[in-house]
Amino acid sequence: MSKQILVLPGDGIGPEIVAEAVKVLQVANDKFKLDIELSFDELGGAAIDKYGVPLADATLERARGVDAILLGAVGGPKWDKLEPSIRPERGLLKIRSQLGLFANLRPAILYSQLADASSLKPEVVSGLDILIVRELTGGIYFGQPRESKVLENGERMAYDTLPYSESEVRRIARVGFDMARVRGKKLCSVDKANVLASSQLWRAVVEEVAKDYPDVELSHMYVDNAAMQLVRAPKQFDVMVTDNMFGDILSDEASMLTGSIGMLPSASLDANNKGMYEPCHGSAPDIAGQGVANPLATILSVSMLLRYSFNQGAAAAAIELAVSKVLDQGLRTGDIYSAGMTKVGTQAMGDAVVEALRSL
Ligand code: IPM
Ligand code: MG
């Protein structure tokens with residue numbers, strides 16, 4: 001039976017980068033006889049324009065029915081003035097939560113060809129290979145109650161809630177340990193247990209789960225220290241597991257270690273490894289429509305899709321190798337450009353990966 005992928009290009013540079021990733025996916029499909037069928041729909045601002053809401057019920061149903069989802073990026077100034085409950089980002093949060101995509105994997109890998117593109121010294125980042133495991137469907141992003149109100153004295157106030165249940169912590173901790181087990185066998189759990197009750201539970205539950213993984217070395221770190229250590233000595237980390245908001249922040253930070261957020265893919269998985277795959281970067285409205293965005297994070301998201309949801313490790317590795325070959329050829333989009341390289345646009349970069357993959 002063929003495998004179904006729903007493609008949601010989204011907003012801003014989303015459609016441009018997704019178009020390149022789809023070309024690569026189609027070549028992989030032929031080459032490795034993957035029997036993949038694609039369908040397309042809208043999410044975010046594009047969905048607001050077409051359906052009046054950032055995630056239409058019919059789109060959500062289609063997303064439930066497919067084997068995997070490939071997403072571009074959502075959001076842009078055009079929709080920034082809408083009231084919060086119907087903004088593009090709401091569509092993204094809703095699809096994550098409705099599909100139970102609680103495990104967000106964000107690898108930060110430095111391609112050796114890009115060591116000069118990092119803002120840190122090459123010796124600090126060369127060989128960097130970190131995996132951030134971010135809890136994605138709980139914590140302060142979804143906690144109730146949350147409210148903005150006007151107090152009796154006329155002052156405006158607002159608050160959010162940061163709840164975690166032990167089962168939520170346990171399942172994401174397991175993902176962290178499972179990932180560490182097949183990598184460098186080191187897991188750093190990041191929290192704020194010196195201040196937050198939710199973090200104290202987090203730490204206690206992670207300790208309990210650790211008993212099932214005696215082969216993995218567990219450490220704990222407060223999030224402020226982790227933010228500092230990531231720029232001081234990032235290679236000390238193998239896998240980091242953390243909550244939704246800390247993971248949001250630390251994964252952006254980690255991405256810049258690799259030179260550009262334009263290189264970083266992500267996977268968001270449910271309990272059965274069904275997943276949604278998207279670049280870590282946003283919709284970059286400032287460069288949308290110019291054909292200059294870096295499509296590699298989305299292309300590498302296709303590789304994660306094939307590996308995690310379809311168990312096609314060989315096809316995934318081939319895409320990663322094709323990307324590496326293109327970097328060897330000196331091709332660079334503007335975000336990873338350095339002197340002496342050949343600057344190319346989105347399409348030329350996609351075409352080069354397609355060519356490299358075909359000729360492997
Ligand atoms: C991310 C993004 C999203 C998040 C936004 C767009 C809602 O920053 O995927 O990291 O905060 O999760
Ligand atoms: Mg983010």
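Scroll up for the structure.
This one's a predicted model, so the numbers in the text were calculated from it and none came from an experiment.

### Describing unusual backbone geometry
Phase 1 of the analysis: Residue Pro145 follows Gln144 across a cis peptide bond; omega there is 0°.
Phase 2 of the analysis: Within the fold, Pro145 resides in the loop between strand E5 (129-135) and strand E6 (147-150).
Phase 3 of the analysis: Of note, the phi angle at Lys185 is positive, near 65°, even though the residue is not glycine.
Phase 4 of the analysis: Structurally, Lys185 is set in the loop between helix H6 (166-181) and strand E8 (186-191).

### Section: the state of the cysteines
Here, disulfide denotes a covalent bond that connects the sulfur atoms of two cysteines.
Phase 1 of the analysis: All told, the structure shown has 0 disulfides when counted by the stated rule.
Phase 2 of the analysis: Unpaired in this structure, Cys188 has its nearest cysteine sulfur neighbour in Cys280, at a distance of 18 Å.
Phase 3 of the analysis: Residue Cys188 is classed as buried on the basis of its relative accessible area of 5%.
Phase 4 of the analysis: Using a relative accessible area of 12% as the deciding quantity, one classes Cys280 as buried.

### Description of the site of ligand 1
Phase 1 of the analysis: Residues in close proximity to ligand 1 include Glu89, Leu92, Arg96, Arg106, Arg134, Tyr141 and Asp248, which together make up its full environment.
Phase 2 of the analysis: Within the side chain of Arg96, a nitrogen or oxygen atom sits 2.7 Å from an oxygen atom of ligand 1.
Phase 3 of the analysis: The separation between an oxygen atom of ligand 1 and a polar side-chain atom of Tyr141 is 2.6 Å.
Phase 4 of the analysis: Against a free-state accessible area of 320 Å², the protein chains account for coverage of 77% of ligand 1.
Phase 5 of the analysis: Looking at the shell around ligand 1, the element that brings in the most residues is helix H4 (residues 88-98), giving 3 residues.
Phase 6 of the analysis: Residue composition of the shell around ligand 1, grouped by class: 2 nonpolar, no polar and 5 charged.

### Topic: the pattern of salt bridges
Phase 1 of the analysis: Evaluated as defined, the whole model comprises 19 salt bridges.
Phase 2 of the analysis: Of the charged contacts, one joins Arg170 and Glu166 as a salt bridge, the two residues approaching to 2.8 Å between their closest N and O atoms. Placement of both Arg170 and Glu166 in helix H6 is noted, with a separation of 4 residues, approximately one turn of the helix.
Phase 3 of the analysis: For Glu166, a relative accessible area of 43% corresponds to the partly exposed category.

### Side note on the side chain of Arg106
Phase 1 of the analysis: By the element assignment, Arg106 lies in strand E4 (residues 103-109).
Phase 2 of the analysis: Despite its burial, Arg106 remains without a salt bridge, the nearest opposite charge being carried by Asp248 at 4.5 Å.
Phase 3 of the analysis: Only 2.7 Å separates the side chain of Arg106 from the side chain of Asn104, close enough to count as a polar contact.
Phase 4 of the analysis: Engagement of the side chain of Arg106 in a polar contact is seen with the side chain of Ser251, the distance being 2.9 Å.

### Topic: H6
Phase 1 of the analysis: Taking 1.5 Å of rise per residue, 16 residues should cover 22 Å, and H6 covers 22 Å from first to last C-alpha, within 8% of that figure.
Phase 2 of the analysis: Of all the residues in H6, the buried ones are Glu168, Val169, Ile172, Ala173, Val175, Gly176, Phe177, Met179 and Ala180.

### Some points on the sheet that holds strand E3 (residues 68-73)
Phase 1 of the analysis: Ordered in space as E2-E1-E3-E12-E11-E4-E5-E10-E8-E9, the 10 strands form an open sheet in which the pairing is mixed. For this open sheet the edge positions go to strand E2 (36-40) and strand E9 (217-222), each flanked by a neighbour on one side alone. Averaged over all neighbouring strand pairs, the angle between strand axes comes to 20°, with direction disregarded.
Phase 2 of the analysis: Across 4 bridges, the pairing between E5 and strand E10 (residues 239-242) is parallel. When the sheet's bridge partners are listed, Val133 is paired in E10 with Val241.
Phase 3 of the analysis: Helix-sheet contacts for H6 involve E4, E5, E8, E9 and E10, and the interaxial angle to E5 is about 165°.
Phase 4 of the analysis: Sheet strands in contact with helix H10 (residues 296-308) are strand E1 (3-10), E2, E3, E4, strand E11 (265-269) and strand E12 (275-279), and its direction is about 35° off that of E11.

### What about the pairing of E8?
Phase 1 of the analysis: E8 sits mainly inside the fold: 5 of its 6 residues count as buried.
Phase 2 of the analysis: Pairing between E8 and E9: 6 bridges, direction parallel. Each bridged residue has a counterpart across the sheet, and for Val190 the counterpart in E9 is Met221.
Phase 3 of the analysis: You can see the chain leave E8, run along helix H7 (residues 197-210) and come back into E9, and the turn it takes is right-handed.
Phase 4 of the analysis: With 4 bridges connecting them, E8 and E10 associate as parallel partners. For Cys188, the partnering residue across the bridge sits in E10 and is Met240.

What counts and how
Residues numbered from 1 in each chain as written. Chains lettered and ligands numbered in written order. Predicted model: local features only at pLDDT ≥ 70, side-chain atom pairs only at ≥ 80, totals over all residues. Heavy atoms only, no water. Helix = DSSP H or I, 4+ residues; strand = E, 2+ residues; numbered from the N terminus. Disulfide = S-S within 2.5 Å. Buried < 20%, exposed > 50% of the residue type's maximum accessible area, 1.4 Å probe, protein only. Near = heavy atom within 4 Å. Polar contact = N/O pair within 3.5 Å; in protein donor to acceptor, adjacent residues only side chain to side chain. Areas by Shrake-Rupley, 256 points an atom, 1.4 Å probe, with all protein chains shown as cover. Nonpolar A, V, L, I, M, F, W, Y, C, P; charged D, E, K, R; others polar. Salt bridge = Lys/Arg side-chain N within 4 Å of Asp/Glu carboxyl O. Lys, Arg positive; Asp, Glu negative; His and termini not counted. Expected span 1.5 Å × (residues − 1). Pairing = 2+ DSSP bridges. Axes fitted to C-alpha atoms, helices over the stretch in contact; angles between N-to-C directions. Contact = heavy atoms within 4.5 Å. Right-handed = clockwise from strand over helix to strand, strands pointing away.

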